[in-house]
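So the chains spell out like this:
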Amino acid sequence: MNIQKIILVVGFACISFLAQGQKGWELGGWLGISNYFGDLNSSFNVTDPGPAGGLLVRRNFNNRVSWKAGFNYGFVYADDANSNNNFEKNRNLSFRSNIFDLTAAMEFNFFPYTHGSRDEYSTPYFLGGFNIFRFDPQAELNGTWVGLQSLGTEGQAVGEEYSRISLGIVVGAGYKIDINELWSINVELSVRKLFTDHLDDVSTIYPNKANLLSLRGQDAVDLSDRSLVPGIGDQNRQRGDSSDTDSYSFFGISIMRYFGRLECPEISKIR
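We now turn to the structure provided with this report. Source: prediction; values computed, not measured.

**With respect to the overall build of the protein**
Secondary structure assignment for the protein yields 4 helices and 10 strands. Moving toward the C terminus, one meets the helices and strands of the protein in the order α-β-β-β-α-β-β-β-β-β-β-α-α-β. The 271 residues of the protein split such that 44% are buried. The long-range share in the protein, meaning contacts at least 24 apart out of those at least 6 apart in sequence, stands at 76%. Total accessible area on the protein is roughly 14,100 Å²; 60% of this is exposed by carbon and sulfur atoms.

**Side note on the pairing of strand E4 (residues 94–109)**
Successive side chains on a regular strand alternate, one facing one side of the sheet and the next facing the other. Pairing of strand E3 (residues 65–79) with E4, which is carried by 15 bridges, proceeds in the antiparallel orientation. Note that in E4 the partner of Asn72 across the bridge is Asp101. As judged from the 11 bridges shared by E4 and strand E5 (residues 122–135), these two strands associate in the antiparallel manner. The residue bridging Asn109 from the neighbouring strand is Tyr125, located in E5.

**Quick word on the packing of aromatic side chains**
Each aromatic ring pair is specified by the distance between its two centres and by the angle formed by the two planes. Counted according to the given criterion, the structure contains 11 aromatic pairs. On the basis of an interplanar angle of 55° and a centroid distance of 5.4 Å, the ring pair of Trp30 and Phe250 is categorised as tilted. Placement of the pair is Trp30 in strand E1 (residues 24–37) and Phe250 in strand E10 (residues 247–258), with a sequence separation of 220 residues. Grouping residues by exposure puts Trp30 and Phe250 together as buried. A ring pair is formed by Tyr73 and Phe100, whose centres lie 5.4 Å apart and whose planes are at 50°; its orientation type is tilted. Residue Tyr73 is found in strand E3, and its partner Phe100 is found in strand E4; the two are separated by 27 residues along the sequence. Ring pairs connect the aromatic residues Trp30, Phe133, Phe135, Tyr162, Tyr248 and Phe250, which therefore count as one cluster. It is Lys176 that lies over the ring of Tyr125; its NZ or CZ is 4.7 Å from the centre. One residue, Arg257, lies across the ring of Phe259, its end atom 4.5 Å from the ring centre.

**As for the nonpolar core**
Note on soluble globular proteins: their nonpolar side chains tend to be buried together. Residues Tyr36, Leu40, Ile99, Leu199, Leu223 and Tyr248 are the most contacted members of the largest nonpolar core, which totals 28 residues. Those elements that provide at least two residues to this core are E1, strand E2 (50–60), E3, E4, E5, strand E6 (138–141), helix H4 (218–224) and E10. Each residue touching Leu223, except ones within four places of it in the same chain, is listed here: Leu93, Ala139, Glu140, Leu141, Val146, Leu148, Leu151, Thr153 and Arg239.

**Some remarks on the side chain of Glu188**
Its place among the elements puts Glu188 in strand E9 (residues 183–194). Engagement of the side chain of Glu188 in a polar contact is seen with the side chain of Lys68, the distance being 2.5 Å. Those residues in contact with Glu188 that sit more than four places away from it in its chain are Lys68, Glu107, Tyr125, Leu127, Ala173, Gly174, Phe250, Phe251 and Gly252.

**Looking at the pairing of E5**
Sheet analysis places E5 next to strand E8 (residues 165–178), joined by 13 bridges and oriented antiparallel. Its bridge partner being in E8, Phe126 is matched across the sheet by Ala173.

**As for the pattern of salt bridges**
Inspection of every chain in the model, using the stated rule, returns 12 salt bridges. When the shortest N-O distance is used, the salt bridge between Glu188 and Lys68 registers 2.5 Å. Of this pair, Glu188 sits in strand E9 while Lys68 sits in strand E3, and the two are 120 residues apart along the sequence. A relative accessible area of 18% places Glu188 in the buried class. By relative accessible area, which is 9% here, Lys68 ends up buried. Between Arg164 and Asp136 there is a salt bridge, with its nearest N and O atoms 3.3 Å apart. Placement of Arg164 in the loop between strand E7 (144–147) and E8 and of Asp136 in the loop between E5 and E6 is noted, with a sequence separation of 28 residues between them. One network of salt bridges, in which partners are shared, links Glu26, Arg58, Lys68, Glu107, Lys176 and Glu188.

What counts, and at which threshold
Residues numbered from 1 in each chain as written. Predicted model: local features only at pLDDT ≥ 70, side-chain atom pairs only at ≥ 80, totals over all residues. Heavy atoms only, no water. Helix = DSSP H or I, 4+ residues; strand = E, 2+ residues; numbered from the N terminus. Buried < 20%, exposed > 50% of the residue type's maximum accessible area, 1.4 Å probe, protein only. Contact = heavy atoms within 4.5 Å. Areas by Shrake-Rupley, 256 points an atom, 1.4 Å probe, with all protein chains shown as cover. Pairing = 2+ DSSP bridges. Phe/Tyr/Trp six-rings, centres within 6.5 Å; stacked < 30°, edge-to-face > 60°. Lys NZ or Arg CZ within 6 Å of the ring centre and 35° of its normal. Core = buried A, V, L, I, M, F, W, Y, C linked by side-chain atoms within 4.5 Å. Polar contact = N/O pair within 3.5 Å; in protein donor to acceptor, adjacent residues only side chain to side chain. Salt bridge = Lys/Arg side-chain N within 4 Å of Asp/Glu carboxyl O.

This is the structure:
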């Protein structure tokens, strides 16, 4: 067999292998919405989403399993005024926060998925992993947005405030489909169950206001208790529910570019 025939056979072997294997990297970005769930949205309302987006990298191990990392941004907010619960309406708390999120997760395709394949070009998938994120809850006071963590609104001692960096568990599902052999569209919903209950600055009980005033100042007192009914904000009365931590979700559409390399089977390699 001359060299031209060898090259031809190897070329066809590589093309055949493309329809079977799936390795390589993908890079892309996504845009979508974010939603917060917690003490200021206990009914899991999704009618007030914030903007979200991020950058993604995916490593395909085969046509079923891949690893994905994302650097994401989301904006979340909630207001007791929008609640259907009378206690929450009268509690009258609100917050907003920017979220900067770094997520790593494993993806599992329901069906074999191979870029460039005529048969394996789309699949639903689910994912699971972990995230680390930074947040900074704020509330509006006299027309100015004020950071809440440093105010110790639930009576935290100086130096014992909750951290604005925390972790979470990530679960989600999506659907990926090829545009062509290099580009694909992914639609995904993922939820992060957090290790903190202070994303919204609300977790436990109302503090002693006299102590809070002397320790943190008037802004801390004003933002700790904004209740509309006398008595709700009395010391040691429930302000939040510390038995369940907060969470947030991302829903978005991403465009991914595949950077895989065609590898010939061992039997087809020229020795």
